[in-house]
Amino acid sequence: VAKATPPANLTSGNAQKLQEGTCKLQKLLEMNGHMQVPHSYDFDLIVIGGGSGGLAAAKEAAKYDKKVMVLDFVTPTPLGTSWGLGGTCVNVGCIPKKLMHQAALLGQALQDSRKFGWQFTEEVKHNWMAMTESVQNYIGSLNWGYRVALREKKVTYENAYGEFVRPHTVKATNKRGIEKLYTAKRFLIATGERPRYLGIPGDKEYCISSDDLFSLPYCPGKTLVVGASYVALECAGFLAGLGLDVTVMVRSILLRGFDQDIANKIGEYMEEHGINFIKQFVPIKVEQIEEGTPGRLKVTAQSTVGDQIIEGEYNTVLLAIGRDACTRKIGLDKVGVKINEKTGKIPVNDEEQTNVPYIYAIGDILQDKLELTPVAIQAGRLLVQRLYAGATIKCDYVNVPTTVFTPLEYGACGYSEESAVEKFGEENIEVYHSYFWPLEWTVPSRDNNKCYAKIICNIQDNERVIGFHVLGPNAGEVTQGFAAAIKCGMTKAQLDNTIGIHPVCAEIFTTLSVTKRSG
Amino acid sequence: MAALWRRPERLLGAAGLCRTARALSGKSEYDLLVIGGGSGGLACAEEAAQFGRKVAVLDYVEPSPQGTKWGLGGTCVNVGCIPKKLMHQAALLGSALKDAQHYGWNISQPVQHTWSVMAQAVQNYVKSLNWGHRVQLQDKKVKYFNIKGSFSDPHTIRGLTKAGKETFITAEKIVIATGGRPKYPMHIAGALEYGITSDDLFWLKESPGKTLVVGASYVSLECAGFLTGIGLDTTVMMRSIPLRGFDQQMSSLVTEHMESYGTKFLKKCIPTKVEKLESNKLQVTWQNTDLGTEETDSFDTVMWAVGRVPDTKTLNLETVGVKTNSETGKIVVDASEATSVPHIYAVGDITEGRPELTPTAIAAGKLLARRLFGQSSELMDYDNVPTTVFTPLEYGCVGLSEEEAVQCYGSDNIEVYHAYYKPLEFTVAERDATQCYMKMVCLREREQRILGLHFIGPNAGEVIQGFALGIKCGATYPQLMKTIGIHPTCAEEITKLHITKRSGLDATVTGC
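Keep in mind that what you see is a predicted model, and the values were worked out from it rather than measured.

Chemist: So, the UniProt feature "domain: Pyridine nucleotide-disulphide oxidoreductase dimerisation" (unreviewed entry) in chain A: which residues are in play, and what are the values?
Modeler: In the numbering used here, UniProt assigns the feature "domain: Pyridine nucleotide-disulphide oxidoreductase dimerisation" (unreviewed entry) to residues 400-511 of chain A. Annotated as residues 400-511 of chain A, this span is 28% helix and 29% strand, and its ends, taken at the C-alpha atoms, are 24 Å apart.

Chemist: Give me the lowdown on the interface of chain B and chain A, citing residues and values where you can.
Modeler: Every contact between the two is made by 77 residues of chain B and, on the other side, 77 residues of chain A. Regarding the contact of chain B and chain A, the summed buried area is about 6,900 Å², with carbon and sulfur atoms giving 70% of it. The three residues of chain B that bury the most area against chain A are Trp-105, Glu-462 and Ile-484 of chain B, which together make up 12% of that side's buried surface. Its salt-bridge partner being Glu-440 of chain A, residue Lys-85 of chain B comes within 2.5 Å of it at the nearest N-O pair. For the interface between chain B and chain A, the tally reads 24 residue pairs in polar contact (both at pLDDT 80 or more). At 13 residues, helix H5 (residues 81-102) of chain B tops the list of elements feeding residues into the side of chain B that touches chain A. Residue composition of the side of chain B that touches chain A, grouped by class: 43 nonpolar, 26 polar and eight charged.

Chemist: Which residues make up the UniProt feature "domain: Pyridine nucleotide-disulphide oxidoreductase dimerisation" (unreviewed entry) in chain B, and what values do they have?
Modeler: UniProt annotation of "domain: Pyridine nucleotide-disulphide oxidoreductase dimerisation" (unreviewed entry) refers to residues 385-496 of chain B when read in the numbering used here. Helix makes up 29% of residues 385-496 of chain B and strand makes up 26%, while its end C-alpha atoms are separated by 23 Å.

Chemist: Summarise the sheet that holds strand E16 (residues 309-314) of chain A; cite the residues concerned and give the values.
Modeler: Residues and elements named next belong to chain A. Sheet architecture is open: three strands sit in the order E14-E15-E16, paired in antiparallel fashion. On the outer flanks of this sheet lie strand E14 (281-290) and E16, each paired with one strand and no other. Neighbouring strand axes in the sheet, compared pairwise and without regard to direction, differ in orientation by 20° on average. Pairing between strand E15 (residues 296-303) and E16: six bridges, direction antiparallel. Residue pairing in the sheet places Leu-297 in a bridge with Tyr-314 of E16.

Chemist: Tell me about the nonpolar core, and please be specific about residues and values.
Modeler: By size, the foremost hydrophobic cluster in this structure holds 236 residues, and its most contacted members are Ile-46, Leu-213 and Phe-509 of chain A. No other element matches H5 of chain B, which puts ten residues into this core. The residues touching Phe-509 of chain A, leaving out its near neighbours within four places in the chain, are Ala-453, Lys-454, Ile-455, Phe-468, His-469, Val-470, Val-478, Phe-482 and Leu-495 of chain A. Listed in part, the 28 residues of the second largest apolar core include Cys-44, Tyr-144, Val-347 and Leu-368 of chain B.

Chemist: Tell me about the environment of Cys-235 of chain A, and name the residues and values.
Modeler: Positionally, Cys-235 of chain A belongs in helix H8 (residues 230-241). Between the alpha carbons of Cys-235 of chain A and Val-248 of chain A there is a distance of 9.9 Å; along the sequence they are 13 residues apart.

Criteria and cut-off values
- Residues numbered from 1 in each chain as written.
- Chains lettered and ligands numbered in written order.
- Predicted model: local features only at pLDDT ≥ 70, side-chain atom pairs only at ≥ 80, totals over all residues.
- Heavy atoms only, no water.
- UniProt positions renumbered as here; feature names shortened; annotations may be inferred.
- Helix = DSSP H or I, 4+ residues; strand = E, 2+ residues; numbered from the N terminus.
- Contact = heavy atoms within 4.5 Å.
- Buried area = accessible area lost by both parts, 1.4 Å probe.
- Salt bridge = Lys/Arg side-chain N within 4 Å of Asp/Glu carboxyl O.
- Polar contact = N/O pair within 3.5 Å; in protein donor to acceptor, adjacent residues only side chain to side chain.
- Nonpolar A, V, L, I, M, F, W, Y, C, P; charged D, E, K, R; others polar.
- Pairing = 2+ DSSP bridges.
- Axes fitted to C-alpha atoms, helices over the stretch in contact; angles between N-to-C directions.
- Core = buried A, V, L, I, M, F, W, Y, C linked by side-chain atoms within 4.5 Å.
- Buried < 20%, exposed > 50% of the residue type's maximum accessible area, 1.4 Å probe, protein only.

And the structure:
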């Protein structure tokens, strides 16, 4: 069959004509029995969810001349916040959080700069609205960019809520309640997750989540952040960095799933930088004392270890206690896709296929997989390449690097110390570590011995590096290359043989000599 | 172990009959004497002391022609990496102040920079490092002499104190690690009299004011970069190409960015004289070789950054027969850092054909000490040494430049993946990212082994370090593509490189 890839210099009108022509040709061929038509569907692929993973998959599929549709619909938060195309990362995740983290880092830079000879007025205030507007403008440009990209790649996009109604068929409901039915040969579920609420009086009425924070039309003021996930700590970190009074309420441990030695160091650093922690308490009630932007809220919390009840007054309560997969209201029962009833997550095989063969799933909704934008993108692209381009490469979920944008950034790849001990046994791993002091922090003479580097090696395997952890400025930038090296099987000896770049933080990893065992 | 150690001593004892101080006692005072207390020398001395050896370090800073001098630690600590990165940081913070306003920080104008505050802070930190090195030598039981050393015979060093007092020190093995110093263009009238170098810049108490930096080395561009960044009127005068030895596409992007950032460039110009005006300003005259004209302008400061020369002249190397390259003046060494005289070694900037980098000098010094005293045979691997240039937009690289790769393998046999990207932080700050660029040079055959990686952008050194390791581990392009990115960082763009130069496609990164 002739391919209908228009040359790039054709105007869109011409390209469309060309494609229409090809369609006619295709129909003709089909009528003459030259092509096998198993069933006639509206689309080759319908992607439900226009986030990082879904969009990447849709655009990739369009490359192979597949007829693709993306359904994306943002259900507003309890407080009415909603946003454009692009999903969590772009709208209410990675992008705004890193920009606001950057705003906070710049606050630190202002203080440092005086030590480096810069002079300006004593008092510098932060303007929440100015920051938020800039951040939202940038996000707006990204939303637009996605729309344009889909159009250019001839992916059909509908701003409508997709749910399965029967096999191979979804119902798309738009903002005005207009419903349409679409059929497709294959489906990709990429609906992601949304913040969880506590289920206590006043939570949905008065609390905000990260879905609201980044576009909040007023400065949140004195804020209580509930939770100790990376979302909680990142938000608490930048809010404090912008000069707000911030308290974090933690039920049990910080950063569950991450290396706990590091998690505690992050907590300590945040405490030293003025963030209050209330540990082993959970809120049981939120009441409004006064309406306003921000208003005043009274939070009642109960100890998790005793009967103690405490109360506190805040302008804003931000819930960051976890996220729930958006899988329970998309008609999966109608088509028989199994989910984990407890978590709502979808189990898939190593090819991102659900128990229903023509339905696939990627991204944050997957059971036991990483909730990261680049993972979703990679999984989506590779899946499409396997489906339509005869590729065989599967997404490799091992040794995925990540970073946490807390005030002191944390980058990691591979095993945490706990999980390495559990998997290999303490006697079989060697942990090398060192504190370090970034050169840039010496002149402002701040935070000596807070930055930390740690690697975990498998003694039984030539001291291969199985875990990499760094706590310090630009942790993500530092970690990325080492993640590539871990992919190449780097050993401690190779680390030692690599020449450092002087003077940067990352060079510390080329001179690690002290083992944790040695004390 | 003891038997192994004794053997060389016996051999050397037999060979050294006609020595001065050594001949009297029949034995040297030290197992190892290191001349030069910089990065390489100190690392070597301290490592040797770990093996229980008797070690001494001689360090003496000959004041610059302008009279600047400093403490223990060598170039990197006193007049190199450390102060330059701190001053670069000062300049970056200047940009941060501008960015901050876009991020909601209300900073009322004017914002000014005071050189003396910065210089004082930087110098205090450097002094603390000088002190740290002293303490470390003491802790490791390395004897330190603040004297200037030269060979009086193959095992004896004649030392001169500042006051002119003479001493003789003998050692079994001697390591030369005296480094290099900035070159003055002696043929230019007024150059020596009125010009300064990087040896002086970091120790200036007052702002250099309107500055002309002559040269296009990384020292030149880094200094010009931070001077511009802290608000000084800065001009770079270059004779030919910027950053000789580095990838030239990257080098052009670096200077292009500097120009857009406010540094002025006088290209294809050669200075001919420097005169002092009555106003105390320095009038510089130069030849514009492009136009064939003579031009002049006046500056408050003229800084030469036209290269560095090894500090070998006063060592009296001829008397002991240590060979140097007659052109460069550098000491010729073999793979084990041995000079033409078997028990005399050299590490660092003074050695011929080696990268002039602190971490290589340190590693070479340590490995040498281990080979000399620690039963090791491991040689220093000078391949794939990563480095970074701290220009306003930083440039980090490892491995071959595109030119070198083409030369080694032929352009048909290499594939260059590249991308123009925009750091997320630049968006809100409305900063121009035209020169944020990266490229990866790979072999074209199936495995696509990576030969070189080049990155221009913020934190280039932090980005490159890990990849340097990957390249050390033999990373291939497919392996890099299997590495999942960290979002949102600049480094993740390296794991997403997919446009080849050969394809001619637009290499601008769009969206996530």
